[in-house]
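Observations on the three-dimensional arrangement
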Amino acid sequence: MEKWIPGIGTLKNAGDFIPLEVSDGGPFKVGEDGVKEILGTKDGKTEFAVYQDKTLCYVKSLMGYPAIYPMMEPVFEGPAEALLMDLDGTSVRSEQFWMWIIEKTMQRLMGNASFGLSDEDEPFVSGHSVSEHLQYCITKYCPNQKVEEARTFYYEIVEDEMQKIMKGQGKKGAFVPSPGLKDFLMELKAEHIKIGLVTSGLYNKAIPEIVSAFDVMGMGDPFQFYDTIITAGTAFRQGQAGTLSELAMKPHPWLYAETARVGLGIMPKERNRVIGMEDSSAGVLSLRLAGFSVIGIGGGNIEKAGVSGLCLKEYDHLCDALPLITGK
C-alpha cells in the first residue's frame, strides 16, 4: 500500500516499516508533542517520528551517542552532475571478507576458534562502523567483554591480512570488482559526470580494496580516476592520532555531505543534480539524511533491513542504472 510521508516521500510499500507507539530509547511517543506516528526499520537501528509537516529520523547508537536529523525529501533531476558511490558491496565485493574479519576478531576475543556469525547477524555486521559491528557481537555473544579490546584485536588482524593481500597472499577473492564496474565507470567519465567514492572504511583498509580492484580491471591509479575519495580516516590507536572514524560514520550524513560539498564543490541547493548508489541500509540512510536521492544495488542488506522505500530505484547490476543517471 502506497503512503506519502513528509520528508520521506511516497512509500510504495508502507508495510516495510514497523509501526511503534513509543520510541525505543528515543524521545518520541505517538500523540505527544505533535507526533502522529513512529515507524521503525526492520533491523531496529532507525526510527522515524512523523509529524503533520515533517519527519525526524532517530539514529540509534550501540556506542551511546544517538542522533536526531530532519528528513529531507530529495528530488533528482537527471542527468546527474555527480554520482556518490559506495565502496564495499557496491564498487567492490568485499562484505564477506570484512564479516570474516569480524568473525576472526570475535574468535580471538572469546578464545573460541570455532565461533561463527549467523545469517541473522548480517544486517548488524555490515555497513556500519567497526565499533557498532563489534559492540553488536559482544552484546549478543560475550557481554562480559569490552569493545576497546575487540577493536585492538580487529586492527591487528586487519593489518596482518592487508600486508598479506598486498603481497599477493592472504584470503583469496577478498576484493573483487563488482560485475560491470569498469564499463559503468567509463560510461560515467564519457558523460563527464563527477564521481565521488565514499566509504565508512578506514583509510588503511579501504585504499587496498580499490587499488586491488583497479589493478584487476587494468584501470591504473584510482586516485587519478575519481574526482574525490572520502574514507573514514585513520583509527585511534596507542601511539598515533586518529580522525573522526567511529561515531559519525554511516548511517549519519557526514561522509556523503563532505564528499559532495567539500570533495566535489557541490552546493546544498544543487542536490537535485546529485544521486548516490548504495547496497547497505546504513548507506541508504546516510545518503537520504544528506539530502540525496538513492539508487539501491542488490546483494546487500537493503531489503533485509526494510529500507527499500527510501530508494528512488533499485537495480541488481550497476550498468542497469546508467539510463537513470545519464538521462540516456
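Further up the page is the structure itself.
My aim in this report is to walk through the structure given alongside it, one point at a time.

What counts and what doesn't
- Residues numbered from 1 in each chain as written.
- Predicted model: local features only at pLDDT ≥ 70, side-chain atom pairs only at ≥ 80, totals over all residues.
- Heavy atoms only, no water.
- Core = buried A, V, L, I, M, F, W, Y, C linked by side-chain atoms within 4.5 Å.
- Buried < 20%, exposed > 50% of the residue type's maximum accessible area, 1.4 Å probe, protein only.
- Contact = heavy atoms within 4.5 Å.
- Patch = residues over 30% accessible without salt bridge, like charges linked within 9 Å, V, L, I, M, F, W, Y side chains within 5 Å.
- Areas by Shrake-Rupley, 256 points an atom, 1.4 Å probe, with all protein chains shown as cover.
- Salt bridge = Lys/Arg side-chain N within 4 Å of Asp/Glu carboxyl O.
- Lys, Arg positive; Asp, Glu negative; His and termini not counted.
- Charge placed at Lys NZ, Arg CZ, Asp CG, Glu CD.
- Helix = DSSP H or I, 4+ residues; strand = E, 2+ residues; numbered from the N terminus.
- Arc of directions from axis to C-beta.

Digging into the nonpolar core
Judged by nonpolar contacts, the single largest core of 95 residues is most densely connected at Phe48, Tyr154, Phe184, Leu185, Met277 and Ile325. Sequence-distant contacts of Ile325, defined by excluding residues within four places in its chain, comprise Phe76, Pro79, Ala80, Leu83, Phe184, Leu188, Ile193, Ile275, Met277 and Ile295. Counting residues in each nonpolar core, the second largest holds 7 residues, with Phe28, Ile38, Tyr51 and Tyr58 among its members.

Some thoughts on a negative patch on the surface
Residues Glu303, Glu314, Asp316 and Asp320 make up a contiguous surface patch of negative charge. Checked against the element boundaries, Glu303 lands in helix α9 (residues 302-305).

Remarks on helix α7 (residues 254-263)
Along α7, the residues classified as buried are Leu255, Tyr256, Thr259 and Ala260. Projected onto a plane normal to the axis of α7, the buried residues spread over an arc of 125° and lie on a single side. The elements touched by buried residues of α7 are β8 (82-86), β11 (194-198), β12 (228-230), β13 (274-278) and α8 (281-289). Positioned one or two residues after α7, Gly265 has a phi angle of 70°, which is positive.

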